[in-house]
Amino acid sequence: MSTKYSLHAIRQKYKETHPGVTDTIDFTVQDGKDARVYHIEHPLLQSNKTKEAVTAAATDIDMAKAVLGDQWDDFIADGGQVSDVMLLMNEIGERMEATTPDGVPTRR
């Protein structure tokens, strides 16, 4: 007898048990109520297209372009820095490591 998994259900359970994990991560470059909001796919939930672009990235600039996609030019025009995207990705990674598979924090 084999076990049948629903990948959709697994994705939903992961999001439910890991507070703060959503399909996209929103951020701004500038502060203030009129700041443009950028969206990147959560690293664990990236589309195949984004995963392929990230995998092909040879530099941090390529990586930032891969995750920002069509938002790249606006990001640069707003004063965005590639290093800040790398810091954001690092922060996301640290938060993912700070919870167990059931979503329980590992740090207090």
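All values derive from a computational prediction rather than experimental measurement.

1. Brief notes about the nonpolar core
For soluble globular proteins, the rule of thumb is that nonpolar side chains tend to be buried together.
Point 1. Core analysis: the biggest nonpolar cluster contains 16 residues, and Phe-27, Ile-40, Leu-68, Phe-75 and Val-85 have the highest contact counts within it.
Point 2. For this core, the secondary-structure elements that each account for two or more residues are strand E1 (24-28), strand E2 (37-41), helix H3 (60-68), helix H4 (72-77) and helix H5 (82-97).
Point 3. The element that contributes the greatest number of residues to this core is H5, accounting for five residues.
Point 4. In contact with Phe-27, other than residues within four places in its own chain, are Arg-36, Val-37, Tyr-38, Ile-40, Leu-68, Phe-75 and Leu-88.

2. Some thoughts on the environment of Gly-80
Point 1. Residue placement: Gly-80 occurs in the loop between H4 and H5.
Point 2. Overall, Gly-80 belongs to the buried group, its relative accessible area being 7%.
Point 3. For the pair Gly-80 and Val-29, spaced 51 residues apart in the sequence, the C-alpha separation amounts to 5.8 Å.
Point 4. Not counting residues within four places of it along the chain, the set of residues in contact with Gly-80 comprises Val-29 and Phe-75.

3. Notes on H3
Point 1. Along H3, the positions that sit buried rather than exposed are Ala-64, Ala-66, Val-67 and Leu-68.
Point 2. Buried residues along H3 sit against E1, E2, helix H2 (48-56), H4 and H5.

4. Concerning the pairing of E2
Point 1. Residue alternation in E2 divides its side chains into a buried set, Tyr-38 and Ile-40, and an unburied set, Val-37, His-39 and Glu-41.
Point 2. In this sheet, E2 lies alongside E1 in antiparallel orientation, the contact comprising five bridges. Across the sheet, Asp-26 pairs through a bridge with His-39, a residue of E2.

5. Overview of the environment of Lys-15
Point 1. Here Lys-15 lies in helix H1 (residues 7-17).
Point 2. As for Lys-15 and Leu-45, which are separated by 30 residues in sequence, their C-alpha atoms are 9.7 Å apart.
Point 3. When near neighbours in sequence (up to four residues on either side) are disregarded, Lys-15 contacts Val-21, Thr-22, Asp-23 and Leu-45.

6. Description of the side chain of Gln-46
Point 1. Assignment of secondary structure puts Gln-46 in the loop between E2 and H2.
Point 2. Setting aside residues no more than four positions away along its own chain, Gln-46 makes contact with Glu-41, Lys-51, Val-54 and Val-67.

7. Description of the pattern of salt bridges
Point 1. Per the stated rule, a full pass over the model turns up four salt bridges.
Point 2. Notably, a salt bridge pairs Asp-23 with Lys-15, separated by 3.1 Å at the nearest N-O pair.
Point 3. The salt bridge partner of Asp-78 is Arg-36, with a shortest N-O separation of 3.2 Å. A residue pair is termed long-range when its members are at least 10 positions apart, and Asp-78 in the loop between H4 and H5 and Arg-36 in the loop between E1 and E2 qualify at 42 residues.
Point 4. Salt bridges here are not isolated pairs; linked through shared partners, they connect Arg-11, Lys-15 and Asp-23.

8. Let's talk about the packing of H2 against H3
Two quantities define a packed helix pair, namely the angle between the axes and the distance from one axis to the other.
Point 1. Look at H2 against H3: their axes get within 8 Å of each other, and the N-to-C directions meet at 175°. In terms of their interaxial angle, H2 and H3 are classed as roughly antiparallel. Mapping the contact onto sequence places Thr-50, Ala-53 and Val-54 in H2 and Met-63, Ala-66 and Val-67 in H3.
Point 2. By residue class, the composition of the contact of H2 with H3 is five nonpolar, one polar and no charged.

The rules behind each value
Residues numbered from 1 in each chain as written. Predicted model: local features only at pLDDT ≥ 70, side-chain atom pairs only at ≥ 80, totals over all residues. Heavy atoms only, no water. Core = buried A, V, L, I, M, F, W, Y, C linked by side-chain atoms within 4.5 Å. Buried < 20%, exposed > 50% of the residue type's maximum accessible area, 1.4 Å probe, protein only. Helix = DSSP H or I, 4+ residues; strand = E, 2+ residues; numbered from the N terminus. Contact = heavy atoms within 4.5 Å. Pairing = 2+ DSSP bridges. Salt bridge = Lys/Arg side-chain N within 4 Å of Asp/Glu carboxyl O. Axes fitted to C-alpha atoms, helices over the stretch in contact; angles between N-to-C directions. Parallel < 35°, antiparallel > 145°, perpendicular 65-115°, else oblique. Nonpolar A, V, L, I, M, F, W, Y, C, P; charged D, E, K, R; others polar.

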